[in-house]
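# Reading the structure
Each chain is listed here by its residues.
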Amino acid sequence: MRFSLTMPNNTRVRALAQPWELGVGPDQIVVAARQAEALGFHRITVGEHLTIPASHVEASGSHYMHATTALGFLAGATSRIRIGSNVTLLALQHPIVQAKQWAVLDWLSGGRADCLIGVGWLEDEFDALGVDFHRRGRLTDEHVEAMIEIWTRPVAGFAGASVRFDGVTSEPKPVQRPHVPLGFAGDTDATVRRMARWGTTWSPFQTPPEQIPRRLDEIRSHPQYHGRPVDVFLSMSTLKIADGHRPKPTGLDFDTWDADEFGDIIGWLAGLGVTEVAPTIPAVRDFSHYLDRLAWISEEIMPRFPDPPAEESR
């Protein structure tokens with residue numbers, strides 16, 4: 001099991017955010033990122049929305065990152081830890097732009113970038129950007145194909161229903177080969193298909209944990225399955241919220257400081273096929289107490305779940 005950290009104050013979803021986070025700015029985010037790296041966390045992640053309609057601010061807040069911008073900042077503050085989106089709304093920007101952003105991020109960070117893709121759920125956000133919400137799945141597929149073409153060929157061309165270009169050159173290329181690793185977040189059959197074709201990491205959102213093994217079997221048995229290992233990244237906060245960022249009850253105590261109890265939760269998830277977790281931000285007093293929690297996870301929980309050997313982790 002690997003442990004990742006979703007950066008504090010990168011979103012302000014009412015069901016998850018805590019008052020102390022409002023005071024967390026760039027200086028504290030650098031401190032948290034460097035501590036996560038020093039403590040052995042695998043990855044730091046940020047979410048993404050480009051705009052939130054006023055009608056959704058009550059539940060979702062309006063404070064969000066643009067993933068590659070924020071990750072570039074975090075890459076400069078760290079040296080080893082992986083940096084990833086959670087998630088990138090791929091259909092909302094042209095794939096030439098997205099391919100450039102991710103290639104530059106990977107190049108400047110020394111090959112540490114991970115792109116976790118979501119199709120999006122907020123129709124008003126798509127409307128504000130002039131993107132057809134009802135075609136977002138097909139747009140996502142085209143954008144993935146177009147980005148891979150740009151990343152892997154010296155001169156790229158692509159002809160899709162919505163995206164067309166020819167004779168395109170774009171450097172630097174990603175450091176990682178064959179390209180920036182792509183993950184997919186979601187629970188639909190289309191997510192299974194994308195994972196089978198392109199994905200290295202699946203991130204369930206509303207899939208009950210007990211159904212993760214079945215979904216993994218569907219990915220691996222899909223006719224388009226690429227044959228590579230599939231990781232499962234679970235942001236534990238998704239167990240506390242429903243669609244539309246509404247809170248939902250759970251019988252799990254994510255805030256416990258009892259190592260055996262918290263370890264049992266992680267062990268249960270590991271037994272279901274989860275290979276990486278981002279623990280929820282616990283109910284703590286302030287930023288200093290939050291840093292204490294990171295140290296507690298590193299000292300009390302991580303040693304119970306050693307990383308797999310490198311050749312088995314991908």
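Residues numbered from 1 in each chain as written. Predicted model: local features only at pLDDT ≥ 70, side-chain atom pairs only at ≥ 80, totals over all residues. Heavy atoms only, no water.

### Concerning the pattern of salt bridges
Any two side chains of opposite charge can pair if their charged atoms end up close together. Operational definition: Any Lys or Arg side-chain nitrogen found within 4 Å of a carboxyl oxygen on Asp or Glu counts as a salt bridge. We count a stretch as a helix when DSSP gives it H or I for four or more residues in a row; a strand needs E for two or more, and each element gets its number in order from the N terminus. Buried, partly exposed and exposed residues are distinguished by accessible area as a fraction of the type maximum, computed with a 1.4 Å probe on protein chains only: under 20%, between the cut-offs, and over 50%, respectively.
The tally for this structure, following the rule as stated, stands at 13 salt bridges. Close ionic contact of Arg-215 with Glu-218 constitutes a salt bridge, the shortest N to O distance being 2.4 Å. Placement of both Arg-215 and Glu-218 in helix α8 (residues 212-221) is noted, with a separation of 3 residues, approximately one turn of the helix. Of the residues examined, Glu-218 reaches a relative accessible area of 26% and is grouped as partly exposed.

### Quick look at empty space enclosed by the protein
Operational definition: Cavities and pockets were defined on a 1 Å grid built from protein atoms only: a cavity is a group of points that admits a 1.4 Å probe but offers it no way out, a pocket is an open group of points flanked by protein on both sides within 12 Å along at least five of seven lines, and a lining residue is one with an atom within 4 Å of any such point. Grid points are joined across faces, edges and corners, and a volume is the space filled by probe spheres set on the points. Each residue is assigned to one class: nonpolar for Ala, Val, Leu, Ile, Met, Phe, Trp, Tyr, Cys and Pro, charged for Asp, Glu, Lys and Arg, and polar for all the others, Gly among them.
As enumerated under the stated definition, the model contains 2 cavities of 30 Å³ or more in all. A volume near 120 Å³ is recorded for the largest cavity. Of all elements in the fold, only β2 (43-46), β5 (113-118) and β8 (182-185) reach the threshold of two or more residues within the lining of the largest cavity. Here the lining of the largest cavity gets 3 residues from one element, more than from any other, and that element is β5. Grouping the amino acids of the lining of the largest cavity by side-chain chemistry returns 5 nonpolar, 5 polar and 3 charged. Roughly 50 Å³ of volume is contained in the second largest cavity. Looking at the second largest cavity, the residues that line it are Ser-4, Leu-5, Phe-41, Pro-279, Thr-280, Ile-281, Pro-282, Tyr-290, Arg-293, Leu-294 and Ile-297. Elements with a contribution of two residues or more to the lining of the second largest cavity: β1 (2-6) and α10 (287-301). At 4 residues, the largest contribution of residues to the lining of the second largest cavity is made by α10. Broken down by class, the residue content of the lining of the second largest cavity amounts to 8 nonpolar, 2 polar and 1 charged.

### A few points about α8
Inclusion rule: What the arc covers is the set of directions going from the helix axis to the C-beta atoms. The contact definition used throughout considers only heavy atoms, calling two residues in contact when any of these lie within 4.5 Å.
Along α8, the positions that sit buried rather than exposed are Ile-212, Arg-215, Leu-216 and Ile-219. Here the buried residues of α8 occupy an arc of 100 degrees about the axis, which is enough to place them on one side. Packing partners of the buried residues in α8 comprise α7 (189-198), β9 (201-203) and β10 (231-235).

### A word on the packing of helix α9 (residues 259-271) against α10
Stated formally: Note on definitions: angles span 0 to 180 degrees between N-to-C directions of axes, and those axes are lines fitted to C-alpha atoms, for helices only across the stretch in contact. We call two directions roughly parallel when the angle between them is under 35 degrees, roughly antiparallel when it is over 145, roughly perpendicular when it lies between 65 and 115, and oblique otherwise.
Axis separation between α9 and α10 bottoms out at 11 Å; the angle between their running directions is 75 degrees. The pairing of α9 with α10 is recorded here as roughly perpendicular in orientation. Residues Ala-259, Phe-262, Gly-263 and Ile-266 of α9 lie in contact with α10, whose contacting residues are Arg-293, Trp-296, Glu-300 and Ile-301. Of the residues that constitute the contact of α9 with α10, the class distribution is 5 nonpolar, 1 polar and 2 charged.

### With respect to the nonpolar core
Heads up, the rule is: Take the buried Ala, Val, Leu, Ile, Met, Phe, Trp, Tyr and Cys residues and link them wherever side-chain atoms come within 4.5 Å; each set so joined is a nonpolar core.
With 75 residues, the main nonpolar core has Phe-3 and Tyr-290 as its most contacted residues. Take this core: its biggest share by element is 7 residues, from α10. For Phe-3, the contacting residues outside a window of four places in its chain are Phe-41, His-42, Arg-43, Ile-266, Val-277, Pro-279, Ile-297, Ile-301, Met-302 and Phe-305. Of all hydrophobic cores here, the second largest spans 11 residues; its members include Leu-89, Ala-91, Leu-92 and Leu-116.

### Regarding unusual backbone geometry
Look at the link from Glu-171 to Pro-172: it is a cis peptide, with omega at 5 degrees. Summarising the element assignment, Pro-172 is placed in the loop between β7 (164-168) and β8. The phi dihedral of Asn-9 is positive, around 55 degrees, even though this residue is not glycine. Structurally, the position occupied by Asn-9 is in the loop between β1 and α1 (26-39).

### A word on the packing of aromatic side chains
For any pair of aromatic rings, the description consists of the separation of the ring centres together with the inter-plane angle of the planes. Just so we agree on the cut-off: Stacked, tilted and edge-to-face are the three classes applied to pairs of Phe, Tyr and Trp rings, where Trp contributes its six-membered ring and a pair requires centres within 6.5 Å; stacked means planes under 30 degrees apart, edge-to-face means over 60, and tilted covers the rest. A ring has a charge above it when a Lys NZ or an Arg CZ is no more than 6 Å from the ring centre and no more than 35 degrees off the ring normal.
Taken as a whole and assessed by the stated rule, the structure comprises 8 aromatic pairs. When the centroid spacing of 5.4 Å and the interplanar angle of 80 degrees are considered together, the rings of Phe-126 and Phe-133 count as edge-to-face. The same class applies to Phe-126 and to Phe-133, which are both buried. On the basis of an interplanar angle of 35 degrees and a centroid distance of 6.2 Å, the ring pair of Phe-184 and Trp-198 is categorised as tilted. Here Phe-184, found in strand β8, pairs with Trp-198, found in helix α7; they are 14 residues apart in sequence, far enough to count as distant. Exposure class is identical for Phe-184 and Trp-198. Each is buried. In this structure an aromatic cluster arises from ring pairing among Trp-20, Phe-287 and Tyr-290. In this structure, Arg-136 packs its charged tip against the face of Phe-133, placed 3.8 Å from the ring centre.

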